[in-house]
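Read off the chains here:
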Amino acid sequence: MGCATLYALPHSLPPTMPRFAANLSFLYPDLPFLERFEAAARDGFTAVEYLFPYAWSKQDLAARLRGNGLQQALFNAPAAGADLVSVGRAWDSGARGVLCLAERQDEFRYGMALALDYAATLECPRIHVMAGLLPNAVLRESLLQAVADRLRWACALAAEQGVTLLIEPINLRDMPGYFLNRQDHAHEILDAVAAANLQVQMDLYHCQVQEGDVATKLRRYLPTGRVGHLQIAGVPDRQEPDAGELNYHYLLALLDELGYSGWVGCEYRPRLGLQPGGTTAGLGWRQRWSF
Ligand SMILES: O=C(O)[C@@H](O)C(=O)CO
Ligand SMILES: [Mg+2]
């Protein structure tokens, strides 16, 4: 069911929301992580995504999914690390992926194997592979071939279990030095890798902060079939989609017009922050944009 169809219902939402996935790393910050699954289901989400599952057992996560009738739409491969302890510390110590870091081949391979192991248990068809922070003074272009080779290796491994890998352009205001910032660069990498199971995770928040002209980019890239996942948030503050400079009423209708049938991840910081029930209170944006 597309967004326009969904919003055509005059005053109320259907009991489930087939298009929107709740990002549990961002939403429900007032709750312990494992309790966020139930909260998302109660709010009508039928899928979840989050950054990293590795601090929890895959069996516990699968039980939360099953128990709440949720699908796992996406999660990230580890940000770095060559064992569970270093994987657990990687994000907080500043790591943002090792894909572009030639000397960290072992961590890349360990991370892919761990992510695919979780994906099998969580029945998750997509893994986001973070590109990493550029080493000082190393030109992006000089690393492209090595990045493509690594991704080709990872895609072959992921294909064995029917998983698609995603790369996501991330804006430099939030992540200074990040290797991949632009949609066209992501599509260049897809050209170089030439694997059917490599797609782009198009986060409209990052796209607007870094490049702008979001609707034109949706029109350019969605028809290629190479965008495997979308994410949304208001700009500039990364809050609910009804706050800020992006017109999601228009953009969500455009997704329908372009026939996008994938998930739209709700990856924003609820404006009520840690206030109990703040995420649910902020979900009015889904209703206000009735067509
Ligand atoms: O946009 C983001 O921040 C996330 O999708 C992510 O995976 C890395 O930070
Ligand atoms: Mg994102």
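Residues numbered from 1 in each chain as written. Chains lettered and ligands numbered in written order. Predicted model: local features only at pLDDT ≥ 70, side-chain atom pairs only at ≥ 80, totals over all residues. Heavy atoms only, no water.

- An unreviewed UniProt entry annotates the protein chain as 2-oxo-tetronate isomerase of Rhodoferax lithotrophicus.
- The Sequence similarities (unreviewed entry) field of the UniProt record for the protein chain holds the comment "Belongs to the hyi family." (UniProt positions renumbered as here; feature names shortened; annotations may be inferred.)

Some details on the overall build of the protein chain
- Secondary structure assignment for the protein chain yields 12 helices and 8 strands.
- Relative to a compact globule of 291 residues, whose C-alpha radius of gyration would be 19 Å, the protein chain shows 18 Å and is just as compact.
- Of all 291 residues assigned to the protein chain, the portion counted as buried reaches 55%.
- Element-wise, carbon and sulfur atoms account for 52% of the exposed surface of the protein chain, whose accessible area totals about 12100 Å².
- Distance between charge centres in the protein chain, computed from 25 positive and 31 negative side chains, equals 1 Å. (Helix = DSSP H or I, 4+ residues; strand = E, 2+ residues; numbered from the N terminus. Rg over C-alpha atoms; globule rule 2.2 N^0.38 Å. Buried < 20%, exposed > 50% of the residue type's maximum accessible area, 1.4 Å probe, protein only. Areas by Shrake-Rupley, 256 points an atom, 1.4 Å probe, with all protein chains shown as cover. Lys, Arg positive; Asp, Glu negative; His and termini not counted. Charge placed at Lys NZ, Arg CZ, Asp CG, Glu CD.)

What to know about the layout of surface pockets
- Taken as a whole, the largest pocket encloses approximately 370 Å³ of empty space.
- Lining the largest pocket we find 23 residues, and of these F26, L51, W91, R238 and E267 sit closest to its centre.
- Split into classes, the residues belonging to the lining of the largest pocket amount to 9 nonpolar, 7 polar and 7 charged.
- Each pocket or cavity is described by its volume, and for the second largest pocket that value is around 290 Å³.
- Forming the walls of the second largest pocket are 15 residues, and the residues nearest its centre are F52, A55, W56, G88 and W91. (1 Å grid on protein atoms, 1.4 Å probe; cavity = no way out; pocket = protein on both sides within 12 Å on 5 of 7 lines; lining within 4 Å. Points joined across faces, edges and corners; volume = space filled by probe spheres on them. Nonpolar A, V, L, I, M, F, W, Y, C, P; charged D, E, K, R; others polar.)

Quick word on helix α7 (residues 183–193)
- The set of residues buried in α7 consists of Q183, H185, A186, H187, I189, L190 and V193.
- In the core, the buried residues of α7 are packed alongside α6 (140–159), β5 (164–167), β6 (198–203), α8 (204–210) and α9 (214–221).
- After α7 finishes, the residue A194 shows a positive phi value of roughly 50°. (Contact = heavy atoms within 4.5 Å.)

As for the coordination of the magnesium ion (ligand 2)
- Of the protein atoms, only E168 (OE), D203 (OD), Q231 (OE1) and E267 (OE) coordinate the magnesium ion (ligand 2), at distances of 2.0 to 2.2 Å.
- Along the chain, the residues donating to the magnesium ion (ligand 2) are arranged with the sequence spacing E-x34-D-x27-Q-x35-E. You can see E168 sitting in the loop between β5 and α7 and its partner D203 sitting in strand β6, a full 35 residues away along the chain. There is no split in this pair, since E168 and D203 are both buried. (Donors = N, O, S within 2.8 Å, 3.2 Å for Na, K, Ca; no water.)

Focus: the pairing of strand β2 (residues 45–49)
- Most of β2 is tucked away: 5 of the 5 residues are buried.
- With 3 bridges connecting them, β2 and strand β3 (residues 71–76) associate as parallel partners. Paired with V48 across the two strands is Q72, which belongs to β3. (Pairing = 2+ DSSP bridges.)

Details of the pattern of salt bridges
- Per the counting criterion, the structure on display carries 15 salt bridges.
- Its salt-bridge partner being E38, residue R42 comes within 3.8 Å of it at the nearest N-O pair. Here the residue R42 and the residue E38 both occupy positions in helix α2 (residues 36–42), the gap between them amounting to 4 residues, near one helical turn.
- The exposure class assigned to R42 is exposed, which follows from its relative accessible area of 62%. (Salt bridge = Lys/Arg side-chain N within 4 Å of Asp/Glu carboxyl O.)

Description of the UniProt feature "domain: Xylose isomerase-like TIM barrel" (unreviewed entry) in the protein chain
- The UniProt record marks residues 37–281 with the feature "domain: Xylose isomerase-like TIM barrel" (unreviewed entry), using the residue numbering of this structure.
- Helix makes up 41% of residues 37–281 and strand makes up 13%, while its end C-alpha atoms are separated by 17 Å.

Some words on the site of ligand 1
- Around ligand 1 there are 14 residues in total, and N76, E168, H206, R238 and E267 lie nearest to it.
- For ligand 1, whose free accessible area comes to 260 Å², the fraction covered by protein is 97%.
- Counting atoms within 2 Å of the grid points, the majority share of ligand 1 lands in the largest pocket.
- Looking at the shell around ligand 1 residue by residue, the class counts come to 5 nonpolar, 5 polar and 4 charged. (Near = heavy atom within 4 Å. Sits in = over half its atoms within 2 Å of the grid points.)

Section: the side chain of R19
- Checked against the element boundaries, R19 lands in strand β1 (residues 17–23).
- Of the polar contacts made by the side chain of R19, one reaches the side chain of D256; its length is 3.1 Å.
- Looking at R19, its side chain comes within polar contact range of the main-chain oxygen of Y260, at 3.2 Å. (Polar contact = N/O pair within 3.5 Å; in protein donor to acceptor, adjacent residues only side chain to side chain.)

Description of the pairing of β3
- Burial within β3 is extensive, with 5 of its 6 residues counted as buried.
- In this fold, β2 hands off to helix α3 (residues 58–67), which returns the chain to β3; that crossover is right-handed.
- The sheet contact formed by β3 and strand β4 (residues 126–128) spans 2 bridges and is parallel. The partner of F75 across the bridge, within β4, is I127. (Right-handed = clockwise from strand over helix to strand, strands pointing away.)

Brief notes about the environment of G265
- One can find G265 in strand β8 (residues 264–266).
- Classification of G265 as buried rests on a relative accessible area of 0%.
- Between the C-alpha atom of G265 and that of P236, which follows or precedes it by 29 residues, the distance is 17 Å.
- In this structure G265 touches A21, E49, H229, L230, Q231 and I232, once residues within four positions along its chain are discounted.

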